[in-house]
Structure formats: C-alpha cells, structure tokens
Amino acid sequence: MLSGALVALVGWPLARLLAEGLGSGPAALAAAVGQGGALAIANSAWTSLLVTVLAVLLGLGGALLTTRWSFPGRRVLAIGVLAPLLVPDFVSAISWTRAYGPAGLSQRILGVELPGLYGPAGIVLVLGAGAVPLAYLVTLAGLRVRAEPDLERAARASGASAWEAFTSVTLPLLWPVLGAAGALVFVISMNAFGVPAVLGRPAGFTTMTTRIYQDLAFSASDAAFLRVIGLAAVLLVVAVSMVALADRLAPDAVARASTGPGPAAARRPAPIWMPILAWAFVVTTVAIPMLALLLTAITRGVGLDPVPPNLTLANFGRVLDRHAVGALANTLILASMASLGSVALAGLALAATRGRWRVRVGSLVTVSFALPGSVLAIAVPLAYGASLRDTLAIIAIAYLAKLWALGHRPLAAVLDRLPPDLTRAARVHGADWWTALRTVTLPVLVPALAAAALLVFVFALHEVTISILLYGPSTATLAVVVLNLQQLGDPTLTAALAVLLTLLVAGIGIVLGLVGRRGSWIGAS
Amino acid sequence: MSGTPPPALELRDLRLAYGATPVLDHVSLSVAAGETLAVLGPSGSGKTSLLYAIAGFAAPAAGEILVGGRLVANSRQSVPPERRDIGFVFQHYALWPHLTALETVAYPMRRRGIGAAEARSRATELLGLMGVAHLDRRRPAQLSGGEQQRVGVARALAREAGLLLLDEPTAHLDVPLRGALMTELAEQRARTGAAAVYATHDVGEALAVADRVAVLGQGRIAQIGEPLEVYERPVDEWVARLTGPASVLEATLTERSGGRATLTIEGGSVTISVDGQAGAGVSRLLVRPDWAALDGPFDATVRAVAYRGPHTDYALDTASGAVQLRADGPPRARAGEAVTWRVRRAWSMGSGR
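Just so you know, these numbers come straight off a predicted model, no measurement behind them. Going along each chain's sequence as written, the residues are numbered from 1 onward. Labels are handed out in written order, letters beginning with A for the chains and numbers beginning with 1 for the ligands. Given that this is a predicted model, residues contribute local features only at a pLDDT of at least 70 and side-chain atom pairs are listed and counted only at 80 or more, while totals for whole chains, interfaces and linings are drawn from all residues.

Draft legend 1. How the structure looks around the overall build of chain B. Runs of H or I in DSSP of at least four residues are treated as helices and runs of E of at least two as strands, each being numbered from the N terminus. Counting its secondary structure elements, chain B contains 8 helices and 19 strands. Reported as C-alpha extents along the three principal axes, the dimensions of chain B are approximately 75 × 45 × 45 Å. Backbone-placed C-beta atoms define the burial measure: a residue is buried with 20 or more other C-beta atoms within 10 Å of its own, exposed with 12 or fewer, and partly exposed in between. Counting over 353 residues, chain B shows a buried share of 43%. Contact between two residues is assigned whenever their backbone-derived C-beta positions fall within 7 Å. In chain B, of all internal contacts separated by at least 6 residues, the share reaching a separation of at least 24 is 66%.

See the structure below:
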C-alpha cells in the first residue's frame, strides 16, 4: 500500500521521464541539450554557487549573533531573520523591482536604482537573501547540537582568546553543518523558478528552470522537448546528490557531543553595530521591498507618486474582479488537497512502518522533497497526462509527490520522540490497540498534525514552478496569475495581487509559527 | 612578612545576576595558596554560577574577584577567561568532539605558545599521570565517562594555573569511579601545589576533599569552615541537614558546669556534653547518627533497619520525633520492635526560629 503510493507518485513518473530521455540514446540527448542548454546549466550553477556562499555566510552570522551575543531586541531579531519565509520567492523578486528597480521607490526618493537588478546580480541577491532563513535555521540547530557553550568556555579557560576559541573549536565543529546548509541552499537555488523568471528573462539571462519553461510553453519541437528532458535529468541528479550529501553531514547523523547545557548567560553584550547590521539586512531585503510593493498596490497608476491624493484601494477590487477569483478557488482547492493528502499519506506511512523501515521510508520521502518542481511537472504528465491533461488533478498529483515530505517530517519527528512506553502504559492499564491510539497517541500528535497540514498548505499556496508548467485554461493558480500579470507588464495589478497572496501566505505562516515548532520549517535538512 | 603569598582567590561581596534574577548575593571568601575549598550546595544554589564568575564566563553585577592577588573582575570591567590564571574541569566534561585526547591536552599549552612537539610530549606525560596515556588518539565519542573526565582533568592541569576550578567533576560517574578519580585529583593537585575550588552537592566528597567547606544556599554562603566544623557545629538546621544525616530533637536543657548539661526529653533524661547556644530551657538539638546509641533511658520503636556491613542504620520513632541511629555490627532489633536508646553528645542550635 505504502510502497504503492510512493511508486505511483514518484517512481512511475520518473521512470517514464528516464525512458523518454534514454529512448533516443544518450548522444541524441546530449546533442539536444546543446549550447543553449549548456549555457543555462552554467548560468544556474554559478549563480547558485554565489547564492550559497552569500546565504551560508549571512546565516552563520545571524545564528552566531542571536545565540552568542546579547543586545536589546534579540528575540525580535531572531524572528525578523525568518521574515523572508513568509514571502513567496517570486513576490520577493517583484517587490525588489518595485523598491530598487527602474522607477522604483529608491529612484523616486533618492534618484538611484540598483544596477543589474534585472540579471544575474539581482537573481543572486534576491535568492541569497531569501535562502538566509534556511541557512540560519540549519546553522542554529547545528550550534545547539554540536557547539555547546561549555566547549567554547573550555577553550577560553585553556587560554584561547574569543577569536581563537571560535576558529579552533566552534568553526571546526560547524563545518559539516555549514556544508549541509550549503548543499540545501544550492539545491533550492538550482530549482528556483520564480526569481529567475522575474529578474532573468527581461535581461535575457536564462537558467535551467526558465529554459525548461520557455521550451515547454513556447516551443513544440521534439528537439526542444528532448532538451527539457535532458535539463530535467541534470536537475534531478544535482538535487538528489546534494540532499544525500546534506543528510550525511547533517547534525543528527553525528554522535552528539557529550555535553549538557550549562546555565544561561553565555552571551556577551554585543557591540551596537552588530544588531544594526542585522536589522539593516532585514529592512533592506524584506521591509523596504514589501513596503514598495504595498505602495505600488495602493497607488492609482504606475507613473504616480505614492502620496495621499494618489492612493486607492480600488486596485484590489479590480484585480479580484478580473483575474483572480477562479485562481484563488483553484489555489485553495489544490492546497487543501495537497495538505490533507500528504498528512494522510504521512500518517499511513508512519503507522505502517516501524524501526529501520520507518527510517528508510523517511529518507525516500525526504529525497522526493528535493525533486525539482520542474522535473515533477514534466514527469507526472508523462505518466498520467493522457487522461488528466489540464485538470486540477494532474497538479494535485505533482503537489502530493513534491510536498508529501513536508507533512512527513514533523510527524516523524514527534513520533520518534514519543516514548513507546506511553502506548505500553495505556495497553497495560486496559486500553485496546484502538483505544490507546485514540486516547494517547493521537492527542499527543495533534499539534504535529496541525503543523504538518499547515506547512503543506502554505507551500502549496505559493507554489509556482509546478503549476506554471501544468495549468490549463481553467486551472490557473493565484501564483500563476501573479507571474503572468508581471510578464504582461502591469505593475499595479501585479502588486495588488501579490500583496493579497502574501497576506494569505504570511497569515497562515504566522499561525503555523504559533502552532508548530520552528524546527519543522527546516525543509529537507 | 612579604614572603606570604597572596590568596589564590579572593571574593569580596560578590553579586551576580542573570537579567533580573539574582544568582549570587554578598559572597565573600578567600582561598589560600594550595588550599582546597569545597563549595557545597543543593542543585540551583549557585555553585556553577560561582565558578563561572571566577573563571570569567559571567560578569559580576557588584563586588570584586581577585585571582592570585590580581583584580580580575568588578562591576565595571572583567578580564577575559584566557587571561585569568585558572584551570577548569567541567561537570559534563566539555571535551571537544573534533580533537583527540592528546590534542585536547596539548591545546592549553599551544595557546601559551609552546611548540607542537613539546606540547605533545608534555600532554602525553599528563595523560600518563591520569592513567589514560593509551587513549591518546581517541576522540570523546570513543571514551567512557570516567576516561573523558580524566582527559578533562589532564587538560585543566596542562594549564599549569595557580587555581583549579572543578564543577562537580564526578557527578556523572559511577560510584567506584568517583572514588578513584577523587584520589587522583587530590594527588595531582598536591603535586602541582595549585589551590582548588571544588563544587559539589555530595557532602561525602566535600568533607573528604576539602581543607574548608563553604555551604551555599540560594546564592548566599550560609557557613564556611573546616569539614569538622560544618559537620559538628552547623549554624542552623538547614546547614545541619545538608552536611550529613541529621536528627533534630526538641529537648529541655538544664545547664550544668563545664559544657555538660542534663538533657530531658519525654520519657527520661541524660547528662551529656552539649555544645552550642546552650541556654536553659527548650532547645533544638542536632544529633548525628553516631552521636546516639542503643540502650538507655529513652523508649523508641524501630521503624526500619538497614544493614550496611560494617555497621547498621536504625530509623527510630521516639516520643520527640524521628531519630537516625548508627551502631556497629549486625542488626540487633527488627522493624516494629521496642528498644531503648540514649544520646551521647549533641549540638544545640538554640530555641529555633
């Protein structure tokens, strides 16, 4: 039953993809990828490398700042660093263009714009800033598990200066963690579609995911389709090997340091420039762009200054009338299906497996989360396309394949920590199997179930990589409409709809933050 | 007398707070060169915080800390840990998971600028002194708890500091290992001549290792004195119960000359030596198990008997409350039986609060 679901959702589509690609022989495949494909691969690779370096450095800095230093507003900053999680990546790219692009906020006020925002520099900045929370969370977990404050204290008591203690103890302990964080950021950056679609295409800068989109959407030739298959295969190999690398390096894999917690107050007072720098990052990468987007959304027209006489809420009404109500319905239906489906699948998988099998299924499911959205969007129709083309069902299947892992992880984490003696105690005190499940296991799991369902829901809400390749005349999602509006060049309506989508995502994200543990945000780590 | 070395450690009116929570208050004490001071307190009393303040991991809110006669911290400034002359042994060992035992012990010497080769040979020597030379290439994950703590002690010794801080170094070891480690610790400390502050919640350890014991409760020093003093003459009931098994009786004392008094409790009276705030009238008396004996003027019922081998512990129900009594040899009575008993000596803690 369980392996059946995995095979049907992931295995069969990927097999079809490989058969399609290898059917014409590797030489033909390589030829089809050709120069255009090679350029896209190179572009994706070097921008992702820079994104990785940027995000890991900033994530490390943030994690050290919030765990090792004390300053006013430390807890608020720790939440502020996570703010990019609440903004869909393509919305973030659009908001940067409104803040720092031509005719953007900075140009209106200061007369300057960010050079190269359209193009690789902008892609690296926006993707890098967006990936900081992931790098930050992984590093934070690593610091907790591996770099106990007592280890640094022992170095200081042995005569090491603060800097020596950092380089000789903290950093060596963190290398594997930083490697894991880097591998995950690299995969996410390689798989990203929304940001290069918004910032790369106007400048003629093509990455693997935008190449795939262009070939599928605007070209009907067999050669173009073969190139898509080739690029998808490369994405797949990169994603799977990087996630495998991260899993090997990840904190859980290593024996825990034999140290317990010391008393609090290991933090030193921070020089004032540290929190100022951190806040400057949050403000310039999230707050100002989102403010610019909001101002665009409530200004009458593109050319007008955002001053009171020009402000209006009418844009929201217009955009909802014209484009988005159907798409909103589609989005909510898809998100609900993905949410319920993946939690049900995760529950079944966990109920049906135990011990070593649970670990194996868990890592299989995790790998499926790393599957690039573009790859699934190609593979799933290859397997089921004939009957389901242009239906919500085909998108839902791809979502389920992609997001199952998101529901699985928080549940598995709670189940793994659930002492088996809890159920045994219920059984020995007179509960049968079902009663024990109902009265003990499920109540303990409720917060995790809610967190898992919300997490999948929120990801499905702003998913665009899959849906933009699979939507049909009546199955566009809100994210697809936003992206299409952007490409038609209507900044005001784009901004209005993007603001609505972000409110939806951020609202549920905040609920999730309150319900679930923050650790469950750590995607595929 | 310029030849007298300064105290290895001096705390003057030390106060420490984590945020708004006070942790240590008005702590003043002095540790002479070469002396071992045990800091005895229940968990949460501030032992670790006290050591952290001395080491420089936490800055005091008020007061002064002097190490080897040099001011290292007050409310305004704090010398960083690496420039204080201290070695530290951690409760949870705090061994660096990425370094071998040899590299770990060589670490403090490398930080002092000693060359790699010499640091290694001296580290090997220290590991040998702690009996773990054969484990020099292992990392912490490959060592047992006792082995890890031996490496931790060797690392602290490698610092060659005038003051050694030990934070419950045996708390996570099995009982037989504890004794062995404590013996080795005492030997090495005596060899180097370093002073030591030894935090523990185990009264047996505190009395055994220390030249003096500071009893810490809720961030304040309740009593400080030689082991015999805190055991036989505790300042109050709380210290009495912390420093060993204690029975507290309410009795009427009739003052007699020469430190001897007649003690009357329900059922009888006995004339014994009573020290402390012994005025006439009702007084609260501390009786340690070995200060009471079977046979005498008082009646009791045996509630429980525990045979310990060399001696036997009795829990008695008496007219004036529960009494713990220790006697040589095998049990002489069983639970539920009636016995008689007497008090041989007692410590008066006044009329109580």
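Draft legend 2. Representation of the sheet that holds strand β5 (residues 70-73) of chain B within the structure. Residues and elements named next belong to chain B. The pairing criterion for strands is at least two bridges between them, as found by DSSP. In space, the 4 strands of this open sheet follow the order β2-β1-β4-β5, with antiparallel pairing throughout. If you trace the sheet from one side to the other, it starts and ends with β2 (21-31) and β5, each paired once. The sheet shows a mean angle of 35 degrees between the axes of neighbouring strands, direction not considered. Two elements, strand β1 (residues 9-18) and β2, share 7 bridges in a ladder whose sense is antiparallel. Opposite tyrosine 18, over in β2, you have threonine 21 as the bridge partner. Axis definition: a line fitted to C-alpha atoms, limited for helices to the stretch in contact. Angles are taken between N-to-C directions and run from 0 to 180 degrees.

Draft legend 3. Seen up close, the interface of chain B and chain A. Counting residues at the interface gives 29 residues for chain B and 26 residues for chain A. Elements represented by at least two residues in the side of chain B that touches chain A include exactly α1 (47-55), β6 (86-89), α2 (101-111) and α4 (145-158) of chain B. Asp, Glu, Lys and Arg are counted as charged, while Ala, Val, Leu, Ile, Met, Phe, Trp, Tyr, Cys and Pro are counted as nonpolar; the rest, among them Gly, fall into the polar class. Split by residue class, the side of chain B that touches chain A holds 18 nonpolar, 6 polar and 5 charged.

Draft legend 4. A look at the pairing of strand β7 (residues 163-167) of chain B. The element β7 of chain B is largely enclosed, with a buried count of 5 among its 5 residues. Taking every second residue as pointing to the same face, both faces of β7 of chain B are buried, with Leu163, Leu165 and Asp167 of chain B on one and Leu164 and Leu166 of chain B on the other.

Draft legend 5. Spotlight on the environment of alanine 203 of chain A. Residues and elements named next belong to chain A. Locating alanine 203 in the fold gives a position in the loop between α9 (194-199) and α10 (208-218). Under the C-beta neighbour-count criterion, alanine 203 is labelled partly exposed, with 16 such atoms within 10 Å. Expressed as a C-alpha distance, the spacing of alanine 203 and leucine 117, which sit 86 residues apart in the sequence, is 9.4 Å.

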